[in-house]
Amino acid sequence: LSNDILHGITRAAVLRFAREAQMKVEERSFTIEEAKSADEAFVTSASTFVMPVVEIDGQTIGEGVPGKVAPRLREIYLEESRKAAV
């Protein structure tokens, strides 16, 4: 986290849900090259919740399609949000 980007309520919730689901979570700075060489990437936001990233600067991420983690995190986020809304 830094002053360059909002800390994000959605981000915090997704991180909490991931930990509760026994997913390994590591927060740290990374380079663009590290991101481009990732197996999978996603962004979080209030409007898209968890959105897979399949390309950065024209370079394919992983297999070029959403991996297993991002859709699962989105599913968990939506389930937990629905519970909280009722």
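Residues numbered from 1 in each chain as written. Predicted model: local features only at pLDDT ≥ 70, side-chain atom pairs only at ≥ 80, totals over all residues. Heavy atoms only, no water.

A. Representation of the nonpolar core. Counting residues in each nonpolar core, the largest one holds 9 residues, listed as Ala13, Val14, Phe17, Ala18, Val50, Ala70, Leu73, Ile76 and Tyr77. Of all elements in the fold, only α1 (9-20) and α3 (69-85) reach the threshold of two or more residues within this core. With residues up to four places along the chain from it excluded, the contact list for valine 14 reads Thr44, Val50, Leu73 and Tyr77. (Core = buried A, V, L, I, M, F, W, Y, C linked by side-chain atoms within 4.5 Å. Buried < 20%, exposed > 50% of the residue type's maximum accessible area, 1.4 Å probe, protein only. Helix = DSSP H or I, 4+ residues; strand = E, 2+ residues; numbered from the N terminus. Contact = heavy atoms within 4.5 Å.)

B. Representation of the environment of valine 54. For valine 54, the position within the fold is in the loop between β2 (49-53) and β3 (55-56). Expressed as a C-alpha distance, the spacing of valine 54 and alanine 85, which sit 31 residues apart in the sequence, is 31 Å. Once residues within four sequence positions are removed from consideration, valine 54 is found in contact with Gln59, Thr60, Ile61, Gly64, Val65 and Pro66.

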